Each structure stands twice: as structure tokens, then as C-alpha cells.
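Chains, contacts and geometry: an overview
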Amino acid sequence: MGSSGFPVICLLHSLIAVACGAMMMFYTREISAFGHGKETASKLQGSTPHDELLIRTSESFSGLLLFVIGFLLFMIAFVKDSRFQSFFAKGCVLLHLSVAVWRIYFEMKLEDLARDLPRLVIGDVALALSWVFFLVYSWREKYD
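Overview of the structure. (Residues numbered from 1 in each chain as written. Predicted model: local features only at pLDDT ≥ 70, side-chain atom pairs only at ≥ 80, totals over all residues. Heavy atoms only, no water.)

Brief notes about the overall build of the protein chain
Of the regular secondary structure elements, the protein chain holds seven helices and zero strands. When the elements of the protein chain are put in sequence order from the N terminus, they spell out α-α-α-α-α-α-α. Overall, the protein chain is about 60 × 25 × 20 Å in size when its C-alpha atoms are taken along their principal axes. Relative to its 144 residues, the protein chain shows a buried fraction of 28%. The contacts in the protein chain between residues at least 6 apart in sequence include a share of 73% that link residues at least 24 apart. Side chains of the protein chain give 13 positive and 13 negative charges; the mean places of these two sets differ by 6 Å. (Helix = DSSP H or I, 4+ residues; strand = E, 2+ residues; numbered from the N terminus. Buried < 20%, exposed > 50% of the residue type's maximum accessible area, 1.4 Å probe, protein only. Contact = heavy atoms within 4.5 Å. Lys, Arg positive; Asp, Glu negative; His and termini not counted. Charge placed at Lys NZ, Arg CZ, Asp CG, Glu CD.)

The following block contains the structure:
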């Protein structure tokens with residue numbers, strides 16, 4: 001029997017991923033301006049029409065990928081096997097921390113994105129911590 005916190009965390013992460021993915025697919029410019037500011041967003045859009053098309057296509061596919069990940073998280077939320085839940089949570093912690101390290105390594109080099117770096121890294125670490133709290137809670141459930 002699985003933990004009761006697992007579906008809640010999965011559904012929250014699913015909701016975040018589906019919403020962000022949909023916004024990335026359909027409102028790329030608005031989300032970019034909201035997240036980075038208008039000046040930085042205009043720099044990130046490309047300088048020629050061909051560049052703009054490539055960047056918009058790439059961001060749309062990234063949004064689609066995020067949407068699909070959210071959908072998969074929704075399906076995984078209903079798995080009841082506690083060993084799978086623990087394995088999945090450990091993988092998510094590793095994934096979120098890897099993204100945070102990647103952001104520090106890659107986005108630090110891009111001066112236009114560097115000012116958003118602390119906020120994004122804190123968000124990645126917070127998502128990883130939600131899974132760590134689940135692992136601690138499930139460990140406590142297991143040994144009580």
C-alpha cells in the first residue's frame with residue numbers, strides 16, 4: 001500500500017507542468033516577457049524572421065514536452081506500490097537538483113538570463129524538497 005502524500009504531490013506537480021506547458025505552447029511571448037522582462041524577452045526572440053520561427057518552434061515543443069510530463073505525472077499519481085513511489089520520488093529529487101545545477105552552470109554564462117538565476121534555482125530546489133519531504137514522511141510511516 002502506498003503513501004497518501006504521493007498522489008497529492010504528483011497531482012500538484014502535474015498541475016504545474018500542464019499549466020506551464022500549455023502557456024509555453026500558446027503564450028510564448030507573454031510568458032517570456034512576464035518571466036524575464038520585456039527587454040530580455042525581446043533579445044531572446046531572435047533577430048531575423050527565420051530565427052524567430054526556430055525559437056518559437058523550439059519553445060512550443062518544449063511546452064509540449066512539459067505538458068506530456070504533466071500528463072504522465074497525473075497517471076503516475078494513482079500508482080499504489082510503495083517501492084515504486086519511493087523510487088520515483090528519489091528520481092524526481094535527482095532530476096530537480098540536476099536541473100538546478102544545469103541552470104547554475106549554463107545560465108550563469110548568459111548575462112541576459114543571469115539575473116533570474118537565483119529565483120529559478122530556488123524554484124528547482126523547492127520542487128526537489130517537496131519530494132524529499134515525501135520520502136521523509138514515507139520513511140516515518142514505514143518505521144512507526
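Regarding the nonpolar core
As a rule of thumb, soluble globular proteins bury nonpolar side chains together. The biggest cluster of nonpolar side chains holds 12 residues, and these are Phe6, Ile9, Cys10, Leu73, Ala77, Phe88, Ala89, Cys92, Val93, Trp131, Phe134 and Leu135. Residue contributions to this core peak at four residues, all from helix α5 (residues 82–107). Excluding residues within four positions of it along the chain, Ile9 makes contact with Ser130, Trp131 and Phe134. (Core = buried A, V, L, I, M, F, W, Y, C linked by side-chain atoms within 4.5 Å.)

Some remarks on α5
Here α5 spans 37 Å end to end across 26 residues, near enough to the 38 Å set by a 1.5 Å rise per residue. The elements touched by buried residues of α5 are α1 (5–26), α4 (49–76), α6 (111–114) and α7 (117–143). (Expected span 1.5 Å × (residues − 1).)

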